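A structural walkthrough
Residues per chain, in single letters:
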Amino acid sequence: MCGIVGYVGKRDCTDVLMNGLSKLEYRGYDSAGIAVFQNGKIEVAKAKGRLKNLEEHMKAEGRPTGQIGIGHTRWATHGEPSDVNSHPHSGGRVTIVHNGIIENYKELKDYLISRGVSFDSDTDTEVVARLLDYRYNGSPIQTISETIRDLEGSYALGIIFADHPEQVYAVRCESPLIAGVGDGENFIASDVPAILEYTRDYYLLEHEEIAVLGRDGVHIFDAYGQPVEKELKTADWDVEAIRKNGYVHFMLKEIHEQPTAIRTTISPRIQNGLPNLEECGITLEVLRGFRQIHVVACGTAMHAGTVGKYVIEKLARVPVTVDIASEFRYCDPLVGTGDLVIVISQSGETADSLAAMRLAKSLGAKTLAIVNAMGSSIAREADMLIYTHAGPEIAVASTKAYMVQIAVMYLFAFELALAVGQIDETECRRLVTLLEQTPDSIAEILERKEQVQYIASSLITADSLLYIGRGLDYALSMEGSLKLKEISYIHSESYAAGELKHGTISLITENMPVIAVATQTALREKTISNIKEVKARGARVILVCRASDTIDPEAVDLRYDLPDFDDLLMPMIAVVPLQLIAYYTSVLKGNDVDKPRNLAKSVTVE
Ligand code: M6R
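These numbers come from a predicted model, not from an experiment. (Residues numbered from 1 in each chain as written. Predicted model: local features only at pLDDT ≥ 70, side-chain atom pairs only at ≥ 80, totals over all residues. Heavy atoms only, no water.)

Neighbouring the ligand are 15 residues; Ser345, Gln346, Ser347, Thr350 and Glu486 lie closest to it. One of the side-chain nitrogen or oxygen atoms of Ser347 is found 2.7 Å away from an oxygen atom of the ligand. One nitrogen or oxygen atom from the side chain of Lys483 is found 2.8 Å from an oxygen atom belonging to the ligand. If the ligand stood free it would expose 410 Å²; the protein chains cover 90% of that surface. Those elements that provide at least two residues to the shell around the ligand are α9 (299-316) and α16 (472-488). (Near = heavy atom within 4 Å. Polar contact = N/O pair within 3.5 Å; in protein donor to acceptor, adjacent residues only side chain to side chain. Areas by Shrake-Rupley, 256 points an atom, 1.4 Å probe, with all protein chains shown as cover. Helix = DSSP H or I, 4+ residues; strand = E, 2+ residues; numbered from the N terminus.)

This brings us to unusual backbone geometry. The residue after His87, namely Pro88, is reached through a cis peptide bond having omega 0°. By secondary structure assignment, the location of Pro88 is in the loop between β4 (68-74) and β5 (89-90). With a phi close to 60°, Arg317 is a non-glycine residue in the positive phi region. Turning to its location among the elements, Arg317 is positioned in the loop between α9 and β18 (320-324). Relative accessible area serves as the criterion here: at 57%, Arg317 is assigned to the exposed category. (Buried < 20%, exposed > 50% of the residue type's maximum accessible area, 1.4 Å probe, protein only.)

Moving on, we come to the packing of aromatic side chains. Between two aromatic rings, the relevant description is the distance of the centres plus the angle of the planes. Going through the model one piece at a time under the given rule, you end up with seven aromatic pairs. Measuring from ring centre to ring centre gives 6.0 Å for Tyr111 and Tyr134, while their planes differ by 90°; the resulting arrangement is edge-to-face. With Tyr111 in helix α3 (residues 105-114) and Tyr134 in helix α4 (residues 124-135), this residue pair connects regions lying 23 residues apart in the sequence. Residue classification places Tyr134 among the partly exposed residues on the basis of a relative accessible area of 34%. Of note, Lys109 hangs over the ring of Phe119, and the distance from its end group to the ring centre comes to 5.0 Å. Just above the ring of Tyr489 sits the side chain of Arg597; from NZ or CZ to the centre is 3.8 Å. (Phe/Tyr/Trp six-rings, centres within 6.5 Å; stacked < 30°, edge-to-face > 60°. Lys NZ or Arg CZ within 6 Å of the ring centre and 35° of its normal.)

Quick look at the packing of α3 against α4 now. A pair of packed helices can be characterised by two numbers: the angle between their axes and the separation between those axes. Packing of α3 against α4 leaves a shortest axis separation of 10 Å and a crossing angle of 45°. The angle between α3 and α4 places the two elements in the oblique class. Remark: the crossing between α3 and α4 carries left-handed chirality. Residue-level inspection shows Tyr105, Leu108, Lys109, Tyr111 and Leu112 of α3 in contact with α4, the latter providing Asp124, Val127, Arg130, Leu131 and Tyr134. Looking at the contact of α3 with α4 residue by residue, the classes come out as seven nonpolar, no polar and three charged. (Axes fitted to C-alpha atoms, helices over the stretch in contact; angles between N-to-C directions. Parallel < 35°, antiparallel > 145°, perpendicular 65-115°, else oblique. Left-handed = near helix turned anticlockwise from the far one by under 90°. Contact = heavy atoms within 4.5 Å. Nonpolar A, V, L, I, M, F, W, Y, C, P; charged D, E, K, R; others polar.)

Structural data, given as structure tokens:
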């Protein structure tokens, strides 16, 4: 959470910082601020709320002008969103922006107060600024190096020193940070999109590395101030990927990118019609060695894992557990040698997922990461790695990342089932061919949106609703429900359809719409019976099923008709109308679709 940028060069720094922050706003948008060297003096501008508030503020109060500075967009942790708690924070001669949490900030603050230091804000960040200033001895690198030894928690810091107006300094621990390398200009950023318009070349800062940016270049030092040689990386993302390209929202654009994202993700992993994950370190021999699989992830990624569980258990008959990463890491999990732990994450930086993966490794399990963000911490630390190639996902509500996560889970399940002899090559080829056909069916759904728009319009007055399904439809309905509540702010829960009558059915009234998903042929009649149970109690029922299904019209109020597809792969098709229902409900309610309240894209705190 939180996005940071920094710039040293010849351009108008405020423009570069604001532009970079606009690409990082997905990381948090409770407040924004910049600090710029103007005629050798640090000028700070900051405002509560979105970046546009900062623009307004600068229009009214003056826009800092200069060529060197740092910027921040905040997801509040310590201290409410307010002007005073906004970054940058100054501690005298030092001004900083921070992404992460300083866990021991209270002790450090007490110590500084006991030494006569006073504070303006409630933030942990100001403590770091004041500590740096307290320790400052004229050598920025030495001061940073000494100060980070006292910090516990996670941080990526952009730092400027009042008496070094030609440099920006940066350091990281856990929270992501890159140093972009341009021609006579250099950058720091929490993520590649912030610098993509200026350069594709960057260094990925490692744990406790300190970067010094001047116009002449980027110099990197270790935690003890010794110079470090690093490999320059080149981002392969297209600038277009971080623009809306005519779509009203990133979420809508990303929903439309799903057919391409699937093809880009699976094609390199299919050879002669069979899955081939060797380049990811996964061979048939490796797969045969696992007695049990655990999937660990958060939010949407965990839902992708839940689909994976159904598919792996059905095809390969290998037991799979799915855990929420924040639970897994503290539940003394029954994981060890011979187990595979799959960690799924779009950002590759989710704090709980990363900690869960480290725990699994320490317990002797092998880890496989399914990650979208190149070079992210989870990607770097896993034993095996499958990158999803969804491109940058900017909308906070995950759509295309989920799609490619499940596409990878399918490929993995096919290969595992083949490895353990549960399916033969002919069946495996048939399944791979089906997977390759999913983009066409999704594209078909994307061409007709009237049905989902109509359904969305029927939901906007609801206070609460239920999603129900059985088997893979239940797994899918979890994601449909999360998507809706996340961006429409309508409360919803997903339920295994057969479980309703054990308590939850008492909530059903005519004010509680029920979205039922029934794509699994063997379970359809069971789900229809459950639909009739809620209908009989007054619920308004919206059914997502195949166009070819004959359903008693008395049992449902509205239907969404899916194209025909194989049951096993149906989640990839059926999730699209659920994403669109959430999207249009949010639009109709006038919400900020891409940046829903209280959320941030990358959850790098516990
Ligand atoms: O980056 P990750 O995939 O690890 O993120 C996990 C969740 O925070 C994420 O999926 C979240 O639930 C999304 N906002 C859902 O749309």
